[in-house]
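Topology and contacts: notes
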Amino acid sequence: MILKRISIFLTIGLFCLGLTVSPALAFKGAYKVGAVFSVTGRASFLGDPEKKTAEMIAEQINKAGGINGKKLELIVYDTEGDATKANLEVKKLITQDKVSAVIGPSLSGTSLAVVPLAEKYKTPLISCAASYKIVHNDKTGKPYKWVFKTPQTDTMAVEAIYTHMKKHGISKIAIISGTTGFGASGRGELIRLAPKYGITIVADEKYGPKDTDMTAQLTKIKGTSPQAIVNWSIGPTQVTVLRNWRDLGMSDIPFYQSHGFGSRKNIELAAGAAEGVYAPLGGCNIAELLPADNPQKKVTMKYLKDYMAKYHEPLSSFGGHAWDALEMVAKALTHVGGDRAKIRNYLENHIKGFVGQHGVFTYSATDHNGLTKDAFKMVVVKNGDWALAN
Amino acid sequence: MEKITLAGQIFQYLITGLTVGSIYAMVAVGFNIIYNVTEIINFAQGEFVMLGGLIMVFFYAVVKLPLVVAFPATVLLVTLVGILLDRLAIRPIRQPTVLTLIIATIAASILIKGAAMLIWGKDPYDLPAFSGRNAITVFGAVIQPQYFWVIGFLIIVVIALSIFFDRTIVGKAMSACADNPDAASLVGINVQQMILLSFALSAAIGAVAGITVTPISLMEYDRGAMLAVKGFGAAILGGLGSFPGAVLGGLIMGTIESMGAGLISSGYKDAFALIVLLVVLFFKPSGIMGSIEISRIKRF
Amino acid sequence: MLRIGKLPIAVFALFIIAFPWIAHKIPPIENYTDIMIFAGIYCLITLGLSLLMGYAGQISIGHAAFYGIGAYTSAILTANYGFNPWLCMFFGMIVTAAVAVLVGAPSLKLRGHYLAMATLAFGIIVYIVFNEETAWTGGPDGMTGIPGLSLLGFAFDSVDRYYYLVWIFVFAAFIFTANLIQSDTGRALRAIHASETAAGAMGVDISGHKLLVFVYSAVLASLAGSLYAHYLNFINPSTFDLFFSIKLLIMIALGGMYNLWGAIIGAGLITFLSYEWLHYFEEFEVIVYGAILLLVTIFLPKGLAGTPEIVKTWFRK
C-alpha cells in the first residue's frame, strides 16, 4: 500500500521535474548554437558520434577561452530519427531557445522535415545528412537560402565508385541496398548515374536494416554474373552481406561498399571477409593514410587523436559531419557574431577552401554543399586495414 | 566462379529460407511457452534474444570465459532477467487484463532495450562461430556451419519441451494454468510459480537463440523488435501454443521470405510472408496446427 | 462511460481555447502550443481506437497504416496534382474506409491474439508499400512540398491558427463519438462487448457493428493523417511504422480504455512525455519513459482517467 503511494508520488514528481527543468539555462552573453541528432532510436550510430563530436568541440572552444571571450553554448536535442520530433525540436531551438544557428539533423528524413522551418524562421541550418534534396530546391533549381549541409552527397560517392570501375573496365554490375533512407538514396544515384559511365545494372536487390541473411539476394545476383557488386547500407547488414558474399564463393567479383563502411570497426566485424573490398571514404576515415602534404592531414589527424582520447573508441565517419558543421558555425560566430542573417551570409560568401574532415569546403550562392567528388578517395581493405586503392 | 543454374538458385533459396526460418522458429517457441501458461503474448521476447547475444559477448570478449562456460552463464543470466520481468512487471498487476499485460511487456521491452543501449552502446558485436566460418556445401547450396547449431538447438528444445509439457507433472501443471487458473489453484497448483517458470524457460530459450544467431548476423541493442514480430508471426501461423506449429510456422515464413526475395522482389520479401500469414488466417483462423475449438474456449 | 457530462466538455473547451494565450505568457512553455497540435492529431486517432478497443473489444496494432493512408493520399493528390486539400482530405477518408472494409471484414472473425497479429501484419505491409513505391510516395526519403491548409483566403499558416483548426476537429470528433456511444449503435456495441453470444441471440448484427467501429476508427485516423501532412508539409514512411502503432496502444492503455476522456488524456500525456518532458534525462530518456509506463500500468490499471476514482477511495481510507 505504502509502496503504491510512493510510486504514484514518484511518477507525479517525475512529470513535474520534466515540466519545470528547462535545459536551456540562460548564460549571459553566450553564443547559442542548437543541434539535433538521432542519438537514440533509428540510426543511433549516426547521431551518437555526431553528438559526441559536437560536444567535444564545444568543450575545446570554451576551454580555449570561448569565441571572442564569449562562451559557446551548445543545446542538443535527440530526434530519435523521428521527423515529427525533429520538427518540434528545431522550432523550439529557433523560437524559444533563440539559437543563432542549428546543426544537424543526422538523417535525410528528419532534415527534409525541418528545411521549411529554416526558411520560414530565417535561421541558418547546417544539416549532417546526405540527400542532395536538402539543399536543392526543386522548384527554383537553386539551393534553399538558409540551409547548408556538410556530408558529401551520394552523387559524389557513386561517381568515385563509377570512376574507379570505368578505370578497371567494369561495365556490368549488380547493386544491393538497404531499404532505409541511406540505402534508397544511394540506390537512386547508382541508377541515375550508371548511363553516364557506360554501366549497366543487371540486378537490383534489397534487404531490411535488421535482416539476418542476404544469401537469397546474393544468389539471385550470382545468377546474373555481374562484373562487380555495389552494396549501399549502414549498420550490421553491411558486414553480414560481406560474409554471405564470401560464403557463396563470389569473392572473385569485386565488391564495393558505400561510404557508410568508413570505420575500422567494420573491418574487424567482418572477420576477414572484408579483404579486398573497395569503398569511397572521406578524409577523416583515412587520416593516417593521407600524405603529409594533403591539406586535410592536420585536422583529420587531430580529430582522430582527440576523439579516441576522450571517448576511447575509434572515430566514426559520421562524427566528422558534425565536426565540419560546428567548426564552420564557430568560425562564422568569430567573424560576425550571433546575428542569424550575418552568419548565413558569412557561410555563403566566406567559407572558401575551409579544410574539414570530409573535404575542403567552398560554399557559394549556387552551392550549399561545398564539396566536389575529390572529397572521396577510393580505398581498399588490405591486411585488415585501409590502403589507398589504385 | 562457376555459373549457377535456376534450379541451383531455387535450392539455395530453399536452404537459406529453412535456416533463417529456424531462427524465427526458436523465437516462436519462446512465445508459446509463456502463452501456454498465461495466455499472454510477451512482447519482450525479442529482447531475451538480444540479451542472449550481447551478454554472451560480454562473458566471452570481456570476462574472457571460454565459449563452453560463457554459454550456460549467459543463459542463466538471461533467465534471471526473465524472472525479474515476471516479478516486477507481470506479478504486481492487480487485475490483469490482456491489454494491461501486453502493455506491461511492451514497457519491459522498452526498459530492457534502453538499458542495453546504455550498457553496450549502439554498435553491433560479433561472436566467433562455434565450429568455424567455412561455408559447407550441400548439394550445391551453401550453408554457414553455425546454422546447424541453430537447427540442432531448435530440435533439442522442441523435443525437450514437448516431453516436459506432456509427460511431466510440472509441465502438465503449467498447461493447466492456462486453461483455467482458478481450477488449477484449487487442485493445489501454485499458479504464480508456474508463471514464473514459464518466463524463466522462455527467457532461456530466447537466450539460446541469441547466442547461436550472433555469430551469423552480429547483434546490437535494437535487434529484438523485428525478431519478435517475425517470431510472433511464426507462432500464430503455426497455431499459438503448438510447438510443432511454431517450428512449422517459422520454417514457412523463412522460406517464403527467401523465395519471395529471390524469385519476385527482395524489397517486398517481408510483405510476402505476412500476406501468406493473413491468407492462412482467413481460412484457418487458429493457425495451421491450431484447433478452433480450443481457441474458442481460451479467454482471449 | 455512459453519460458524457456537458460540464467537463465545456471546461475542457475553455482550457483549449485559452491555452495558446497562456503559453505565450509563460516563456518556458511557449512551444507547448506546437506540441498540443500533435496531441490533438493523435487524439483524433485515439478517440476512434478507444471506441474500437473499449467498446468493440477489438485490438489493433496496425492503426498507423490508416494514419499513413490518409497522409499519403492527401500528400500525393495535393503536392503532385494540386487538387484542393479539403477535397483530398475527404477523398482520403473514403479510400481509408474502403481499405478498412476490405481488411476488416475477413479479419473480424479472428479472435484475440490472432486478430492482433493480423492487424500487425496489415500495418507492416502498408508500411512496406509506402517505403517501396518510390514513384508514388518518394520512398524512404518521403515527400516534400505538401501545401498547407487555407479556407476562403484565411491561411492556417501559423502555429496558433493550426492549433485551433486541429482542436475544432477534435471537439467535433469527440461529440460525434460520444453521441455514437449513447445511440442505439452504441448500445449494441456495449451488448456485444459484454457478451457476444447474448447479443447475437438478441438479434444484434455482430460482425456488422464490429466492422462499423473498425471503419469509423480508420476514418478518424485518416483525417488525422491528412492534418499531419498539411502541417509538417512533409511526410516519410517511418512516421507510420509499427512503433507508432504501439505508441497509440500505449496512449489508450495509459489513458484508460472504456473512456473517451481516457483517449484524450492518454494522447496528451504520451505526446508530452515523448516529445518534451523527458529532454532533461538525455541518454536516460528511454529508460525513464519505460519506467513511467510500467509504473502507471501496474499502479493505475484503469489508466489515468480512472484516477479520480482512486483518489476518492484514498480519501475514504
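Residues numbered from 1 in each chain as written. Chains lettered and ligands numbered in written order. Predicted model: local features only at pLDDT ≥ 70, side-chain atom pairs only at ≥ 80, totals over all residues. Heavy atoms only, no water.

1. Here we look at the packing of helix α2 (residues 45-62) of chain B against helix α9 (residues 224-238) of chain B
All names here are of chain B. The contact between α2 and α9 brings their axes to 7 Å, and the two run at 130 degrees. Judged on the interaxial angle alone, α9 and α2 are oblique. The handedness of the crossing between α2 and α9 is right-handed. Contacts between α2 and α9 involve G46, E47, V49 and M50 from the former and G224, A225, L227 and A228 from the latter. Residue composition of the contact of α2 with α9, by class: 5 nonpolar, 2 polar and 1 charged. (Axes fitted to C-alpha atoms, helices over the stretch in contact; angles between N-to-C directions. Helix = DSSP H or I, 4+ residues; strand = E, 2+ residues; numbered from the N terminus. Parallel < 35°, antiparallel > 145°, perpendicular 65-115°, else oblique. Left-handed = near helix turned anticlockwise from the far one by under 90°. Contact = heavy atoms within 4.5 Å. Nonpolar A, V, L, I, M, F, W, Y, C, P; charged D, E, K, R; others polar.)

2. Digging into the side chain of N369 of chain A
Mapped onto the elements of the fold, N369 of chain A is located in the loop between β12 (360-362) and β13 (377-382). Excluding anything up to four places from it in sequence, N369 of chain A contacts K149, T150, P151, Q152, T153, M156, F361 and Y363 of chain A.

3. Looking at empty space enclosed by the protein
In this approach a probe as big as a water molecule rolls over the atoms, and the regions it shows empty are the leftover space. Enumeration over the complete set of coordinates arrives at 7 cavities of 30 Å³ or more. The computed volume of the second largest cavity comes to approximately 140 Å³. As for the second largest cavity, its lining consists of 17 residues, of which D213, T215 and D247 of chain A together with Q144 and Y147 of chain B are closest to the centre. Listed by contribution, the elements that provide at least two residues to the lining of the second largest cavity are α8 (237-247) of chain A together with α1 (6-38), β2 (141-143) and α8 (191-217) of chain B. A per-element tally of the lining of the second largest cavity places α1 of chain B first, with 4 residues. (1 Å grid on protein atoms, 1.4 Å probe; cavity = no way out; pocket = protein on both sides within 12 Å on 5 of 7 lines; lining within 4 Å. Points joined across faces, edges and corners; volume = space filled by probe spheres on them.)

4. Side note on the interface of chain B and chain A
The interface is formed by 38 residues belonging to chain B together with 36 residues belonging to chain A. Each partner contributes to the roughly 3100 Å² buried at the junction of chain B and chain A, and carbon and sulfur atoms together form 56% of this total. With a closest N to O distance of 2.9 Å, D48 of chain A and K122 of chain B form a salt bridge. At the boundary of chain B with chain A, the tally comes to 17 residue pairs in polar contact (both at pLDDT 80 or more). In terms of residue count, α1 of chain B provides more of the side of chain B that touches chain A than any other element does, 6 residues in total. Split by residue class, the side of chain B that touches chain A holds 19 nonpolar, 9 polar and 10 charged. (Buried area = accessible area lost by both parts, 1.4 Å probe. Salt bridge = Lys/Arg side-chain N within 4 Å of Asp/Glu carboxyl O. Polar contact = N/O pair within 3.5 Å; in protein donor to acceptor, adjacent residues only side chain to side chain.)

5. Considerations on the environment of V213 of chain C
Residue and element names in this part refer to chain C. Along the chain, V213 falls in helix α10 (residues 206-232). In sequence terms V213 and A64 are 149 residues apart; their C-alpha atoms lie 16 Å from each other. With residues near it in sequence (within four places) discarded, V213 still touches L51, L52, A56 and L189.

6. As for the domain arrangement of chain A
All names here are of chain A. Per the domain assignment, the segments of chain A are domain 1 (30-152 + 297-372) and domain 2 (155-288 + 376-388). Of note, the centres of domain 1 and domain 2, computed from C-alpha atoms alone, are 28 Å apart. With 18 residues of domain 1 at the contact, the number on the domain 2 side is 16 residues. Summing the contributions of domain 1 and of domain 2, the shared interface buries around 1500 Å²; its carbon and sulfur component is 67%. Linking domain 1 with domain 2 are 0 salt bridges, by the criterion used here. In terms of residue count, the dominant contributor to the side of domain 1 that touches domain 2 is helix α10 (residues 297-311) (5 residues). Looking at side-chain class alone, the side of domain 1 that touches domain 2 contains 9 nonpolar, 8 polar and 1 charged residues. (Domains from an automatic or database assignment.)

7. What about the packing of helix α11 (residues 242-255) of chain C against helix α12 (residues 260-277) of chain C?
Residue and element names in this part refer to chain C. Running from N to C, α11 and α12 cross one another at 125 degrees; their axes reach a closest spacing of 7 Å. By the angle between their directions, the pair α11 and α12 is classed as oblique. Considering the relative orientation of α11 and α12, their crossing is right-handed. Residues K247, I250, M251, L254 and G255 of α11 lie in contact with α12, whose contacting residues are G262, G266, A267, L269, I270, T271, S274 and Y275.

8. What to know about the interface of chain C and chain B
Each partner contributes residues to the interface: chain C has 41 residues there, and chain B has 50 residues. Between chain C and chain B, the buried area comes to about 4000 Å², and carbon and sulfur atoms account for 81% of it. By the criterion of area lost to chain B, the three top residues of chain C are H113, Y114 and M117 of chain C, representing 20% of everything that side buries. Applying the counting rule to chain C against chain B returns 1 salt bridge. Measuring nitrogen to oxygen at the nearest pair gives 3.7 Å for the salt bridge that ties E283 of chain C to K122 of chain B. Seen at the junction of chain C and chain B, the total is 5 residue pairs in polar contact (both at pLDDT 80 or more). When residues of the side of chain C that touches chain B are assigned to their parent elements, the largest contribution, 13 residues, is made by helix α5 (residues 112-132) of chain C.

9. Section: the environment of I57 of chain A
Residue and element names in this part refer to chain A. Examined against the element boundaries, I57 turns out to sit in helix α2 (residues 44-63). Along the primary structure I57 and L326 are separated by 269 residues, whereas in three dimensions their C-alpha atoms are 7.7 Å apart. The residues touching I57, leaving out its near neighbours within four places in the chain, are W323, L326 and E327.

10. Quick word on α1 of chain B
Residue and element names in this part refer to chain B. For α1, which comprises 33 residues, the first-to-last C-alpha distance of 47 Å matches the rise-based estimate of 48 Å (1.5 Å per residue) to within 8%. Where burial is concerned, most of α1 is hidden: 26 out of the 33 residues are buried. Downstream of α1 by a residue or two, E39 has a phi angle that is positive, lying close to 65 degrees. (Expected span 1.5 Å × (residues − 1). Buried < 20%, exposed > 50% of the residue type's maximum accessible area, 1.4 Å probe, protein only.)

11. Examining the packing of aromatic side chains
Inspection of the entire model under this criterion finds 52 aromatic pairs over all chains. A centroid spacing of 6.0 Å and a plane angle of 65 degrees characterise the contact between F130 of chain C and F240 of chain C, whose relative ring orientation is edge-to-face. Taken together, the positions of F130 of chain C in helix α5 and F240 of chain C in the loop between α10 and α11 put the pair 110 residues apart, joining distant regions of the chain. One aromatic cluster is present, formed by F38, Y42, Y67, Y72, F130, Y162, Y228, Y231, F240, F244 and Y275 of chain C through successive ring pairs. K52 of chain A extends its terminal NZ or CZ atom over the ring of Y311 of chain A, reaching a point 5.6 Å from the ring centre. One Lys or Arg, R344 of chain A, reaches over the ring of W146 of chain A and ends 5.9 Å from the middle of that ring. (Phe/Tyr/Trp six-rings, centres within 6.5 Å; stacked < 30°, edge-to-face > 60°. Lys NZ or Arg CZ within 6 Å of the ring centre and 35° of its normal.)

12. A closer look at the environment of G68 of chain C
Residues and elements named next belong to chain C. Counting through the fold element by element, G68 comes out in helix α3 (residues 64-80). Along the sequence, G68 and A188 sit 120 residues apart, while their C-alpha atoms lie 30 Å from each other. Residues contacting G68, with those up to four places away along its chain left out, are F130 and F240.

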